[in-house]
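Observations on chain architecture
Next come the chains, spelled out residue by residue.
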Amino acid sequence: VRSLRFASPLQSLTIPDPEVQGEEGLNTPRKRFLPKFLAGLTAEARARREVALKRTADAEENAEKFSVDDVTGSDWVEKTASSGRARKQKEEAFVEAAYDQAVAGIDDVEKNL
């Protein structure tokens, strides 16, 4: 027989009951979401840094290879825009893959528990 204890409504929503701490009741969706989100954001930030470093290295390399023939012709604007779109799409796919991989790693750890 357990004694009945009354708590204020605010306390019952924000402060977990010590008797329930070991039970499944504290495994809330928020507690499952936040570690996944943090791991994903960390992986995304790391991937964006890698992309920025690679873009800087590529820009320096391309500056050395620059030729006047690259900017002549009537379709140079379209070529530049399409290559920029393709590069951006490739970078975004890389960042999304890093985020998904990090979140999947957290899911695997949760399944093994």
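Whatever comes next refers back to the structure up there.
Per chain, residues are indexed from 1 in the order of the written sequence. Note on the predicted model: pLDDT of at least 70 is required for a residue's local features to be given, and 80 or more for side-chain atom pairs to be given and counted; whole-chain, interface and lining totals, by contrast, use all residues. Side-chain measures were taken over the full set of non-hydrogen atoms in the model, leaving aside hydrogen atoms and water.

**Re the packing of aromatic side chains**
The rule is short: rings of Phe, Tyr and Trp, with Trp giving its six-membered ring, pair when the centres are within 6.5 Å, and they are stacked under 30 degrees, edge-to-face over 60, tilted in between. Taken as a whole and judged by the stated rule, the model has one aromatic pair. Ring geometry for F33 and F37: centres 5.2 Å apart, planes at 20 degrees, overall stacked. On the criterion of helical spacing, the pair formed by F33 and F37 is a turn pair, its members being four residues apart in helix α2 (residues 29-64). Burial status follows relative accessibility: with a 1.4 Å probe on protein chains alone, a residue under 20% of its type maximum counts as buried, one over 50% as exposed, and anything between as partly exposed. On the accessibility criterion, F33 (46% relative accessible area) is partly exposed. The secondary structure listing takes helices from DSSP runs of H or I that are at least 4 residues long and strands from runs of E that are at least 2 residues long, numbered from the N terminus.

**Notes on the pattern of salt bridges**
Any Lys or Arg side-chain nitrogen located within 4 Å of an Asp or Glu carboxyl oxygen qualifies as a salt bridge. Applying the stated criterion across every chain, the model contains eight salt bridges. Notably, a salt bridge pairs R55 with E91, separated by 2.8 Å at the nearest N-O pair. Taken as a pair, R55 in helix α2 and E91 in helix α3 (residues 76-112) lie far apart in primary sequence, 36 residues in all. Look at the salt bridges and you will find they share partners, linking E44, R48, K88 and E92 into a network.

**Points about a nonpolar patch on the surface**
Taken together, the side chains of F33, L34, F37 and L41 define a hydrophobic patch exposed on the protein surface, amounting to about 350 Å² of accessible area. Here F37 falls in the partly exposed class, since its relative accessible area comes to 34%. Candidates for patches are residues over 30% relative accessible area with no salt bridge; among them, like charges are joined within 9 Å and nonpolar side chains (Val, Leu, Ile, Met, Phe, Trp, Tyr) within 5 Å. Areas reported here follow the Shrake-Rupley algorithm with a probe of radius 1.4 Å; residue values treat only the protein chains shown as occluding.

**Focus: the side chain of E91**
Of the residues examined, E91 reaches a relative accessible area of 12% and is grouped as buried. Note on contacts: a residue pair is in contact if any heavy atoms of the two residues lie within 4.5 Å. Once residues within four sequence positions are removed from consideration, E91 is found in contact with V51 and R55.

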